[in-house]
Amino acid sequence: MSLDLDHGTTAVLGGSAARGRVGASRARSLVVCGVPALLALVLGLWGLRRQGAIWRDEAATWEVARRSIPEIWHLVGQVDVVHWLYYLLIHTVFEVFGASLAALRLPSVLGLVVAVAATAATGRRLGGPLAGLAAGLVLALLPVMQRYAQEGRSFALVAAGVAVATWLLVGAVYPAGPTAARDGRRWRDAWGWRWGAYAAVVLVTALLNWLSLFAWAAHGVTVVLARRRGRRPLLSRWLTTAVVIVPGTLPLILASRPQASQVAWIPPASAASLLGVTAMLAVGLVCARIPRRAPEEPSPVPVGLPLLAVPQLGLLLASLLVEPLYVDRYVLFTYIGLSLLVGSTVAWAVRAVPAYGRARGREWGRVRGEALLAGVMAVAFLALLPLEVGLRTWASRTDDVRVAAHKVAELARPGDGVVFLPDQRRDAALVTPGAFRGLDDVALTESPVASGTLYGVEAAPERIRAAMLAHRRIVVVSDADDKSGGSAPFPPSPRDLVKRAVLDRHFTATGVAETGGRRVTVYERAR
């Protein structure tokens with residue numbers, strides 16, 4: 001049996017033609033989904049440990065996931081309730097495989113693998129095997145996807161959920177291509193399991209991060225567009241999924257509102273963010289104008305364009321009308337829509353170029369679309385290689401918690417006091433407690449676990465002042481760019497102002513080291 005991904009046809013050598021067609025279809029599906037998924041897995045495992053570095057957001061996951069389930073539940077009652085399901089997942093992974101950087105990041109790697117495979121399958125249904133293969137490869141090669149595939153946060157898993165939900169939706173809207181919608185049994189089967197599975201996947205994804213509901217809204221636009229093209233009334237079926245999704249996510253949304261101060265660090269959308277969104281939408285619109293198959297056949301445009309535009313514009317609008325919320329990783333899944341559009345355009349191009357050559361009797365017109373696609377993707381990989389290498393170093397993230405802790409162990413002496421400016425920099429001690437053994441955390445009065453917080457509870461400013469003055473030497477851990485004790489964009493807290501005032505008035509800096517995006521300073525009492 002030989003496969004032709006370019007035209008989606010199969011040549012059968014011997015045996016039953018029907019069995020051959022089924023076997024060829026399965027083989028094409030395996031190639032279309034498997035090749036991009038394998039590439040995503042290889043890229044995800046490449047440099048996974050990042051030289052042992054762990055940055056501040058991952059440090060929060062690491063520390064919380066090592067708590068017991070009752071302790072995690074105590075925490076999310078006060079902070080980070082939006083991440084409760086993800087914390088429980090990583091806690092389970094740590095319980096089974098042990099706490100390690102690989103165990104922390106492998107779920108995200110697998111999340112990208114699933115997202116890529118589901119995107120390829122969706123692209124195949126909408127544009128044919130070559131379009132599906134191209135869409136999966138594009139998603140796997142995007143540097144932004146590779147970054148979050150190697151982070152111990154939920155974003156890659158959310159993308160996986162959105163990709164699977166999109167695949168299920170497309171299967172329900174187009175059960176087996178354009179003729180299946182006229183087959184009542186196929187349609188009932190699609191309703192029977194695809195719509196139910198779709199609702200379940202959207203719900204679980206929203207419980208990982210409820211901002212993924214923007215994808216559900218984008219799917220609503222897809223359903224409306226499909227209905228206008230003459231499909232059966234789909235809007236009522238899509239709305240029916242709200243019976244599961246809304247009651248399932250509303251408690252999480254309401255519980256997260258009192259914790260809104262946790263996103264107060266997000267600044268208003270910058271000009272660079274607006275320019276980036278505009279560029280993505282422009283690329284999507286250009287790709288949407290590329291000639292497609294017959295109008296009555298499925299197209300990636302009604303699926304990919306809403307999935308790209310609705311979450312991006314929706315989050316920007318919420319940032320303008322409610323409070324600043326726009327962070328690109330919160331809508332990472334929009335790159336699935338972009339990949340569907342770009343992938344179908346690349347597939348059209350690698351078919352059109354040989355056809356143009358054949359029409360003019362050129363030798364290069366004999367090149368197969370699959371071979372040309374492989375060449376295009378190889379060139380793209382090589383062009384992106386410097387950026388991809390950089391993503392696998394600690395410098396690609398804000399900081400490295402562990403290297404700062406090791407510097408403390410190198411500079412501190414037993415009995416020294418340690419001060420964190422601001423208190424969030426205590427994450428270094430929580431991730432690498434051995435480096436702080438024998439040191440006195442002078443400001444801490446209640447541990448993070450006991451208080452149900454991420455960084456613990458610090459004493460009143462007066463007590464912090466007295467505790468600092470009781471030490472001859474103090475080691476201070478702060479951000480490398482910290483000058484005031486605050487954590488931008490927050491102004492310094494009264495506690496941090498007291499810490500800085502005592503250091504400036506009663507201590508002298510005798511040693512400073514900047515490493516991993518942190519500053520470690522040794523102070524001694526002025527004589």
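Please read these numbers as outputs of a predicted model, since none were measured by experiment. Along every chain, residues carry numbers that run from 1 in the direction the sequence is written. The predicted origin of the model limits local features to residues at a pLDDT of at least 70 and limits the giving and counting of side-chain atom pairs to 80 or more, whereas totals for whole chains, interfaces and linings rest on all residues. Hydrogen atoms and water are omitted, and side-chain values are computed over all heavy atoms in the structure.

> Help me understand the confidence of the model for the protein, please; the structure alone is not making it clear to me.
Residue-level pLDDT values for the protein average 89, and 87% of them are 70 or greater. Confidence of the predictor at the level of single residues is captured by pLDDT, which takes values from 0 to 100. Only DSSP runs of H or I covering at least 4 residues are called helices, and only runs of E covering at least 2 are called strands; the numbering of each starts at the N terminus. Strand β2 (residues 9-11) is the least confidently modelled element of the protein, averaging 41 in pLDDT, while helix α4 (residues 84-97) averages 98, the highest of any element. The low-confidence segment residues 8-14 (pLDDT under 50) makes 15 contacts with residues lying over four places distant or belonging to another chain. In what follows, a contact means two residues having at least one pair of non-hydrogen atoms within 4.5 Å.

> Mind showing me how you'd approach a nonpolar patch on the surface here?
A contiguous nonpolar patch, built from Leu317, Leu320, Leu321 and Val322 and spanning about 480 Å² of accessible area, is present on the exposed surface. Checked against the element boundaries, Leu320 lands in helix α14 (residues 301-321). Relative accessible area serves as the criterion here: at 71%, Leu320 is assigned to the exposed category. Patch definition: residues with relative accessible area over 30% and no salt bridge; like charges joined within 9 Å; nonpolar side chains (Val, Leu, Ile, Met, Phe, Trp, Tyr) joined within 5 Å. Every accessible area reported is derived by Shrake-Rupley at a probe size of 1.4 Å, with residue values counting cover from the shown protein chains alone. When a carboxyl oxygen of Asp or Glu lies within 4 Å of a side-chain nitrogen of Lys or Arg, that pair is called a salt bridge. Burial classes follow relative accessibility: with a 1.4 Å probe on protein chains only, a residue under 20% of its type's maximum area counts as buried, one over 50% as exposed, and anything between as partly exposed.

> What am I meant to see in the sheet that holds strand β8 (residues 507-515) here?
Strands in a sheet are paired, the pairing made by backbone hydrogen bonds, and the direction either parallel or antiparallel. Each pair of strands is called paired provided DSSP finds at least two bridges between the two strands. Spatially, five strands are ordered β4-β3-β7-β9-β8 in an open sheet, and the strand pairing comes out mixed. The outermost strands of the open sheet, each flanked by one partner alone, are β4 (440-441) and β8. Bridge analysis of strand β3 (residues 417-421) against strand β7 (residues 473-479) gives five bridges, and the strand direction is parallel. Within β7, the position partnered with Val419 by the bridge is Val476. Sitting on the sheet, helix α17 (residues 401-411) touches β7, β8 and β9 (518-525), and the angle it makes with β9 is about 25°. Comment: axis = line fitted to C-alpha atoms, over the contacting stretch for helices; angle = value between 0 and 180 degrees taken between N-to-C directions.

> I would appreciate a short explanation of the side chain of Ser108 in the present structure.
Looking at the secondary structure, you find Ser108 in helix α5 (residues 101-127). At 3.2 Å, the side chain of Ser108 and the backbone oxygen of Arg153 are in polar contact. Apart from residues no more than four positions distant in its own chain, Ser108 is found in contact with Tyr86, Tyr148, Ala149, Glu151, Arg153 and Ala156. For this analysis, a polar contact is any N or O atom pair within 3.5 Å, provided that within protein one partner can donate a hydrogen and the other can accept it, and provided that sequence-adjacent residues contribute only side-chain to side-chain pairs.

> I tried to follow the environment of Ala206 on my own but got confused; where do I start?
Along the chain, Ala206 turns up in helix α9 (residues 184-208). Under the relative-accessibility criterion, Ala206 is labelled buried at 0%. Considered as a pair, Ala206 and Trp216 are 10 residues apart in the sequence and their alpha carbons are 9.4 Å apart.

> When you look at α14 in this model, what are you seeing that I'm missing?
For an α-helix, 3.6 residues make a turn, and residues three or four places apart therefore share a direction. The span expected for a helix works out to 1.5 Å for each residue beyond the first. For α14, with 21 residues, the first-to-last C-alpha span of 29 Å sits near the 30 Å given by 1.5 Å per residue. Taking burial as the measure, the 21 residues of α14 include 15 buried ones, the bulk of the element.

> Which parts of the structure should I look at to understand unusual backbone geometry?
Between Leu421 and Pro422 the backbone carries a cis peptide bond, its omega angle lying at -5°. Within the secondary structure layout, Pro422 lies in the loop between β3 and α18 (427-431). The phi dihedral of Arg50 is positive, around 50°, even though this residue is not glycine. Residue position: Arg50 is located in the loop between α1 (17-45) and α2 (56-65). For Asp80, which is not a glycine, the phi torsion comes out positive at approximately 60°. With a relative accessible area of 7%, Asp80 lands in the buried category.

> It is not clear to me how the pattern of salt bridges should be interpreted in this structure. Could you clarify?
Side chains bearing opposite charge may pair, as long as their charged atoms lie close to each other. Here the structure, examined in full by the defined rule, presents 23 salt bridges. The salt bridge involving Glu458 is made with Arg426; its shortest N-O contact spans 2.8 Å. Remark: Arg426 occurs in the loop between β3 and α18 and Glu458 occurs in strand β6 (residues 457-458); sequence separation between them is 32 residues. Overall, Arg426 belongs to the buried group, its relative accessible area being 2%. For Arg518, the salt bridge identified is with Asp427, shortest N-O distance 3.1 Å. Taken together, the positions of Arg518 in strand β9 and Asp427 in helix α18 put the pair 91 residues apart, joining distant regions of the chain. The residues Arg518 and Asp427 share a single accessibility class, namely buried. Counted as one network, the salt bridges with shared partners bring together Arg56, Asp399, Arg425, Asp427, Asp479 and Arg518.

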